[in-house]
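# Architecture and fold: a report
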Amino acid sequence: MPTLTISHAKLLIITLLPLLLSTLYPAEDDKLETVRLSTYQITGSQLVYEDEMYSELISSITADDLELWSDLNPITALRRETFSFGNSNTENDSNSGTGSAGANIRGLGNLSTLTLINGRRAGGNSAYGFQHGGFADLNLIPSAAIQEIQVATDGTSVAYGSDAVAGTVNLLLHDSYLGNRIDATYSNTTEEDASEKLLSFLGGYQISDQTRIVLLGNWYQRNAIFARDRSISEDADRRDQGGLNQGSPTFPGRINVAGIEYILNDGITEPTSLADYRVWNPAEDLYNFSEAAPAIPETERKSLMANITHDLNDQVEIWTELLYSQTEFLNGAAPAPWSGSFFPNTLIIDASALSPHLPAGIAPTDLAQVNYRSFELGTLDFEQEKEAFRGLAGIRGELAEWNWETAVLFIKTDLEETFSGVSDATILSGLIESGAFNPFATAFATGTIPSGPLAGETYDNAAALSEAAVNPVNNYDEEFLSYDFKVNGDLFELPSGPLETVFGIEYRNEDVDTEIDALFESGFNLGGVGQESYSAEREVRSVFAEALVPLIRTGEQKLDLGLSARYEHYEDDPAAAATPKNRYETFVYKASLFYELNPAVRLYGSYGTSFRAPTLSETFGGSIFASFVYDDPFGPTPDAARVITEIRSNPDLDPEESENINLGIIFEPQEGSGWRASVEYYRIDTDDAIVTSAQDEVNDPFGAVFRDGAGNLFFVQSDWLNAAERVVDGIEYELSYLHPYKSGYWEAKIGINQVLTYDVKTSSDGETISFLGRLVDPRASNESIAGPGSIPRYKGYASMLWKYQGLTLGGMLNYIHSLNDNAVFTTDGEPREVDSWLSLDLIASYEWSGSEFPLLNNTKVTLGIENVTDEAPPFAAGAFADGYDSSLYSLEGRRISISMSREF
């Protein structure tokens, strides 16, 4: 069990603590937030700037934005942004979903986007698969805790180290709020099957002249949506929409005899001979797994936050940041499928060949496969309980003309994953051999055992499966510890102004410990995915420096040169004594120009390098198993056939290395006119990208592949390798107009991301593959391992807000360009188009102030309608689980929300 357990009683006491403090230490003014100082820091740089020009180089989502659009989790706000697309962790995933959600900039994946909290890493390596650890799972962070989300969309490894290839998402949590605030939200779809509920309290108090404290308690809960409850996902047979029947071939009553696939004749529940079977039709005779699987799983989160600041004197300040979240996530799939076709579950086929229920006319040596699905045990569910704690203690101050800061950060995450609907093959094989379980019958079958030691007794498949049922438990523990020190100030004076600099050091220690249930490690599990336990530790030592050189300060013109560099040394240590330590180092740099031609025109450009260190899972994590579709040049494997694939870790991996180019212009035609336009070009070239060589193994006549007697692929082995080259470039456009007037304003915005190139070369002698404008589902196609998921050519939005006194009205159009579907999964094997998608969101909000009813003062009520026209996501034949790309769309449909907030 996790060690950070907090009882509900303690949780209630801590949540109510702000209410007590609000009585003891009332705020001096309502709704008071500390004013930003004249100097400030922006995401993507360690410098402290004095010129507001630099704040325009980042994207910002404020607390007001999150509240207005009813974004109860920060990831929902980020997904609307034009730079957010492609494959990443999402809590909307069924089947393989983990409950976590990761930021993804430019489609490079969540492993190439760094997440920060208050300017420091939100987590380290994840013990759970290929995602970031700690609070880089954005579903651990309540939106009510966030003051602002800043996003730097250029390579920022030079500022923060590994993972910031595409950019950085920095969540600035409330640390200066004064007052008290209660928030409550309820929302549901018009199908009334996916309610969301939130209750939150935020309090900020001036305890004394030297001490300030901000406290938050937050509770959030969301119900599940099942695939059967939406027309796009209710049936895995998608031939009437232009796709294939992607139902499962694994269910009771299907066998393979001497290379021929058979299925029970209609009406037969207990076969006695081969005559009770007919030849299996792989297009028609499939199980609709969508009838039982969730499409969007259920989740619940409880969070607590405390930020305390104390002034030791006029020059020195100490502060601490505490954040705790506990989440429960219930995901699942249809009842567990299993068969006895290859090791280690050959014991199932061996036992079936000896079963007294073996139908007449089948020679034991000819029985090649027996399929079943554990309907008797219910759905294959896994419940994840995650506890995460983040604690920081720091001190900062001034010494002469220099500012200095140092802090220690600790993050601990414990995840316990419990399975149900799983059975133990070692137990069940004995029940099969004795006749107590009939593997040839339909689910829930009962009858008489015809021969053997138990001849004449009754068999009951449900009772036998219950005897073999187990509840495996996996545990994933992560710890992250860092120490940093930095100092910034003016190094010396130049003709055009001071040379601003920052110097710093950082130490990080990351520890992951994955304890996989012995059943999953053995492979004798009938349900769930086989994995291996592993433990590993990483130490990183860094030094960095940054400078802003003023080149021109004449009249209205400003020209600044930014220079920065970072060196990091890695030492990875696996717990397995037979595996040697892995040591490597990286050096990255960046040069930037910022040119203000006049108040109307600003130009900027940067060239730099960035990198992503391989995760400890990729390096030492043993094997994971998945199923993918391959292009088989040497055998008759059907185009859409799923093949079990073992992906193995590789301790010899090197970091991915990237070159980043960004060029942009900002145009404001006249001061005070309200118009603003910006255009930015970006390019990211990556060498040594980490991919699997699974398709290359299939293409190699001597590759690590296994085939059945008919030559069909049934098993592929592959390692992670530094092999790929990736080139991504595109253009971001934004146009806005703000028209203020007495007691209000109206504002209009348009934003578009245009991807020009997304090319991946999976090996030095391999072909270059373009992913631009293509649908790629990571659960459906092997190429997605090297690829990015779906990359639309265009993604954009258009919004308008109108505010008058306490009333705010707004609307937003969201657009995603069409995609080329995966022809492997279309009915005729020919390309088809995944339609473009346009949705409309509307909001109306009113805040009372100066009301004749004092209880209403500083109360705000917001009504929101998401996806007003109830647009379903566009059908995609190449999407495996639910018939649509869950990284780009949601199948929720129309959602109506009402929220209330009160400050006092």
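For the structure itself, consult the block above.
Residues numbered from 1 in each chain as written. Predicted model: local features only at pLDDT ≥ 70, side-chain atom pairs only at ≥ 80, totals over all residues. Heavy atoms only, no water.

### A few points about the packing of helix H6 (residues 425-434) against helix H7 (residues 461-468)
A pair of packed helices is characterised by two quantities: the angle between their axes and the separation of those axes. Operational definition: Whenever a helix is involved, its axis is fitted only over the stretch in contact; in every case the axis is a line through C-alpha atoms, and angles between N-to-C directions fall within 0 to 180 degrees. Only runs of H or I of at least four residues qualify as helices and only runs of E of at least two qualify as strands under DSSP, and these elements are numbered from the N terminus. Definitions for this section: a left-handed crossing has its near helix turned counterclockwise from the far helix by less than a right angle. A right-handed crossing has that turn clockwise. We call two residues in contact when some of their heavy atoms are within 4.5 Å.
Put simply, H6 and H7 touch, their axes get as near as 8 Å, and they point 145° apart. Of the two elements, H6 crosses H7, and the hand of that crossing is right-handed. On the side of H6, the interface is formed by Ile427, Leu428 and Leu431, while H7 contributes Ala464, Leu465, Glu467 and Ala468.

### Notes on the side chain of aspartate 777
For the record, the criterion: Buried means the residue's accessible area, taken with a 1.4 Å probe over protein chains only, is under 20% of the maximum for its type, while exposed means over 50%, and partly exposed covers the values in between. Residues adjacent in sequence count toward polar contacts only when both atoms are side-chain atoms; beyond that, a polar contact is any pair of N or O atoms within 3.5 Å, and within protein one must be able to donate a hydrogen and the other to accept it.
Tracing the sequence through the fold places aspartate 777 in the loop between strand E39 (768-770) and strand E40 (794-804). Looking at aspartate 777, the relative accessible area reads 7%, which means it is buried. A polar atom in the side chain of aspartate 777 sits 2.9 Å from the backbone nitrogen of phenylalanine 880.

### Focus on the sheet that holds strand E27 (residues 525-526)
Keep this limit in mind: Paired strands are those between which DSSP finds at least two bridges.
Spatial strand order, E24-E21-E27: three strands in an open sheet with antiparallel pairing. The open sheet has two edge strands, strand E24 (469-470) and E27, and neither has a second partner. Bridge count for strand E21 (residues 422-424) against E27 is two bridges, and the pairing is antiparallel. Considered in E27, the bridge of aspartate 424 is made with asparagine 525. Its contacts with the sheet put H6 on E21 and E27, and the angle it makes with E21 is roughly 70°.

### Details of the packing of aromatic side chains
Selection criterion: Aromatic rings from Phe, Tyr and Trp, with only the six-membered ring used for Trp, were paired whenever their centres fell within 6.5 Å, and each pair was classed as stacked if the ring planes differed by under 30 degrees, edge-to-face if by over 60, and tilted otherwise. Whether a charge sits over a ring comes down to the Lys NZ or Arg CZ being within 6 Å of the ring centre and within 35 degrees of the ring normal.
A full pass over the atoms with the stated rule returns 20 aromatic pairs. When the centroid spacing of 6.2 Å and the interplanar angle of 90° are considered together, the rings of tyrosine 570 and phenylalanine 611 count as edge-to-face. Pair noted here: tyrosine 570 is in strand E29 (residues 557-574) and phenylalanine 611 is in strand E31 (residues 601-612), with a separation of 41 residues, a long-range link. Assessed through its relative accessible area of 1%, phenylalanine 611 is described here as buried. Taking 5.5 Å as the distance between ring centres and 40° as the angle between the ring planes, the aromatic pair formed by phenylalanine 706 and phenylalanine 715 counts as tilted. Taking relative accessible area as the criterion, phenylalanine 715 reaches 11% and is therefore assigned buried. Members of the aromatic cluster, joined through ring pairs, are Trp338, Tyr372 and Phe437. For the cation-ring pair, arginine 228 lies above phenylalanine 226, with the distance from its terminal atom to the ring centre recorded as 4.5 Å. Looking at arginine 254, its charged tip hangs above the ring of tryptophan 280, at a distance of 4.2 Å from the centre.

### Overview of the nonpolar core
Threshold: The criterion is simple. A nonpolar core is a set of buried Ala, Val, Leu, Ile, Met, Phe, Trp, Tyr and Cys residues joined through side-chain atoms within 4.5 Å.
Core analysis: the biggest nonpolar cluster contains 75 residues, and Phe135, Ile149 and Leu173 have the highest contact counts within it. Looking at this core element by element, the count peaks at four residues for strand E35 (residues 675-692). Once you skip the residues sitting within four places of it in the chain, isoleucine 149 turns out to touch Ser59, Ser60, Ile61, Leu66, Pro74, Leu78, Val169, Asn170 and Leu171. Ranked by size, the runner-up nonpolar core spans 17 residues in total, among them Ala336, Leu380, Val512 and Phe520.

### A short note on the environment of glutamate 196
Residue placement: glutamate 196 occurs in strand E8 (residues 196-206). Take glutamate 196: its relative accessible area is 12%, and that puts it in the buried class. Linking glutamate 196 and phenylalanine 130, residues 66 residues apart in sequence, is a C-alpha distance of 28 Å. Not counting the four nearest positions on each side in its chain, glutamate 196 is found in contact with Leu72, Asn73, Thr185, Tyr186, Ser187, Tyr220, Gln221, Arg222 and Arg895.

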